[in-house]
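Single-letter residue listing:
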Amino acid sequence: MKAVPTRVPAIIVHGGAGADPSEAPEFRQGVRAAALAGWRVLAAGGAALDAVEAAVRALEDDPRFNAGRGSVLTRDGTIETDASIMEGDRLQCGAVAALPGVVANPITVARKVLESRRHVLLVGDGALAFSRSVGVAECDPESLVTDRQRKRHAELARKQTPTGGGTVGAVALDRAGTIAAATSTGGTAGKLPGRVGDSALIGCGTYADSSLGGVSCTGDGEAIIRVVLGHRALRFLKDADPDYTAKVAVDLLVEEGGGQGGLILIDWRGRPGFATSTRLMPVAVMSPALDDPRVPF
Ligand code: ASP
């Protein structure tokens, strides 16, 4: 019988590129708690897919991040979320885009799309109808809108420049050697209703291939889409260590894509890496070598 590979598990999470460094202490707590939520799954011998879903749900529930509760508002003052999740053994993936803001945990809807095995990406009202059909919990739309985002929306209405920040993501390796990645966001503040960013697109914001690694990106979504950043970053990973790969991928985003942003990675051996071109990207890492999540920012 073929032996099941035993790997040393690891998880890395991010809380988005683009936050102001003065906000670092509040983000530290949030990414730390999310890394622990995912780590509990891995430490108990659970699957990487469950770990990244748990970590991202924790960040979606935290109103300080731009995902789930705390999402930015569209030009029209509504919430529309994007999320995607991928398992790297069989390249199974699921995603939702422009999901109406009545679902607090869009990553769970993306997971259900993955499990349905029928489609990869559902959008708008169709995504919501699917979410209802599989019994994902809904909430009062007002409960997802924070005062902070309401204020930001009022300021942006004057400036007309869409900005991101606070998107969340996680990548994990489990003991069986499976890598999974997940990303969730409210998108860019002031975006046009119907706009879809990289976080919903497999190969752009999220990708996982257990023979190479997994990645979750954040930053200027249009630029990330143009250079297909997630998938290309994993191809660099073939020949380099994860931190160097992350740096090369960010340079590509800046130079070829003309945007700013960052990404987190884990390679097939469980080595984490990250880089950003912005002033701050909250990150937390957890592995058996650590007593507590490492929060390197
Ligand atoms: N990449 C996200 C988007 O464009 C925003 C972000 O990461 O801040 O929707």
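To be clear, the structure that these remarks concern was listed above.
Residues numbered from 1 in each chain as written. Predicted model: local features only at pLDDT ≥ 70, side-chain atom pairs only at ≥ 80, totals over all residues. Heavy atoms only, no water.

1. Observations regarding the packing of aromatic side chains
Okay, step 1: In this structure the tally under the stated criterion is one aromatic pair.
Okay, step 2: Considering the side-chain rings of Phe 27 and Phe 65, the 5.2 Å spacing of their centres and the 45° angle between planes classify their relative orientation as tilted. Remark: Phe 65 occurs in the loop between helix H2 (48-61) and strand E2 (80-87) and Phe 27 occurs in helix H1 (residues 24-43); sequence separation between them is 38 residues.
Okay, step 3: For Phe 27, a relative accessible area of 2% puts it in the buried group. (Phe/Tyr/Trp six-rings, centres within 6.5 Å; stacked < 30°, edge-to-face > 60°. Helix = DSSP H or I, 4+ residues; strand = E, 2+ residues; numbered from the N terminus. Buried < 20%, exposed > 50% of the residue type's maximum accessible area, 1.4 Å probe, protein only.)

2. Some words on the packing of helix H7 (residues 229-237) against helix H8 (residues 242-255)
Okay, step 1: The N-to-C vectors of H7 and H8 enclose an angle of 140°; their axes lie 9 Å apart at closest approach. It follows from the interaxial angle that H7 and H8 lie oblique. For the pair H7 and H8, the crossing hand works out as right-handed. Of the residues in H8, those in contact with Leu 229, Arg 232, Ala 233, Phe 236 and Leu 237 of H7 are Pro 242, Thr 245, Val 248, Ala 249, Leu 252 and Leu 253.
Okay, step 2: A breakdown of the residues in the contact of H7 with H8 according to their chemical character gives nine nonpolar, one polar and one charged. (Axes fitted to C-alpha atoms, helices over the stretch in contact; angles between N-to-C directions. Parallel < 35°, antiparallel > 145°, perpendicular 65-115°, else oblique. Left-handed = near helix turned anticlockwise from the far one by under 90°. Contact = heavy atoms within 4.5 Å. Nonpolar A, V, L, I, M, F, W, Y, C, P; charged D, E, K, R; others polar.)

3. Remarks on H2
Okay, step 1: Helix length check: H2 (14 residues) gives 20 Å between terminal C-alpha atoms against 20 Å at 1.5 Å per residue, within 8%.
Okay, step 2: When we look at burial in H2, the residues that qualify are Ala 48, Leu 49, Ala 51, Val 52, Glu 53, Ala 55, Val 56, Leu 59 and Glu 60. (Expected span 1.5 Å × (residues − 1).)

4. A look at unusual backbone geometry
Of all residues except glycine, most have a negative phi; of all peptide bonds, most are trans.
Okay, step 1: Its identity as a non-glycine residue notwithstanding, Leu 91 has a phi of 55°, on the positive side.
Okay, step 2: Mapped onto the secondary structure, Leu 91 falls in the loop between E2 and strand E3 (92-100).
Okay, step 3: Although it is not a glycine, Val 228 adopts a positive phi angle of roughly 50°.
Okay, step 4: Tracing the sequence through the fold places Val 228 in the loop between helix H6 (221-227) and H7.

5. So, the sheet that holds strand E10 (residues 272-276)
Okay, step 1: The sheet built from four strands is open, its strands ordered E7-E8-E9-E10 with antiparallel pairing. Sheet topology places strand E7 (206-209) and E10 at the edges, where each strand pairs with a single neighbour. Between one strand and the next, the sheet's axes are offset by a mean angle of 10°, whatever the strand orientation.
Okay, step 2: With five bridges joining them, strand E9 (residues 261-267) and E10 adopt antiparallel strand pairing. (Pairing = 2+ DSSP bridges.)

6. Some points on the pairing of strand E5 (residues 168-173)
Both faces of the sheet carry side chains from a regular strand, because those side chains alternate between them.
Okay, step 1: Counted residue by residue, E5 has six buried out of six residues, so it is predominantly covered.
Okay, step 2: Residues Val 168, Ala 170 and Ala 172 point to one face of E5 and Gly 169, Val 171 and Leu 173 to the other, with burial holding for every one of them.
Okay, step 3: Sheet topology note: the strand E1 (residues 10-14)/E5 ladder contains five bridges and is antiparallel. Its bridge partner lying in E5, His 14 is registered against Gly 169.

7. What about the pairing of strand E8 (residues 213-219)?
Okay, step 1: Across the seven residues of E8, six count as buried, placing the element largely inside the fold.
Okay, step 2: One ladder, built from four bridges, connects E7 with E8; its direction is antiparallel. Bridge pairing links Tyr 207 to Val 215 in E8.
Okay, step 3: Turn length for the E7-E8 hairpin, with the two strands adjacent in sequence and antiparallel, is three residues.
Okay, step 4: Of the pairings in the sheet, the one linking E8 to E9 comprises seven bridges and is antiparallel in character. If you follow Ser 216 over to E9, its bridge partner there is Ile 264.

8. As for the sheet that holds strand E6 (residues 179-185)
Okay, step 1: Read across the open sheet, the seven strands follow the order E4-E3-E2-E6-E5-E1-E11; overall the sheet is mixed. Every interior strand has two partners, whereas the edge strands, strand E4 (121-123) and strand E11 (283-286), have only one. The sheet shows a mean angle of 5° between the axes of neighbouring strands, taken without regard to direction.
Okay, step 2: Judged from the six bridges that link them, E5 and E6 form a sheet pairing that is antiparallel. Within E6, the position partnered with Val 168 by the bridge is Ser 184.
Okay, step 3: The sheet strands contacting H1 are E1, E5 and E11, and the helix crosses E1 at an angle near 150°.
Okay, step 4: Sheet contacts for helix H4 (residues 124-133): E3 and E4; angle to E3, the most-contacted strand, approximately 115°.

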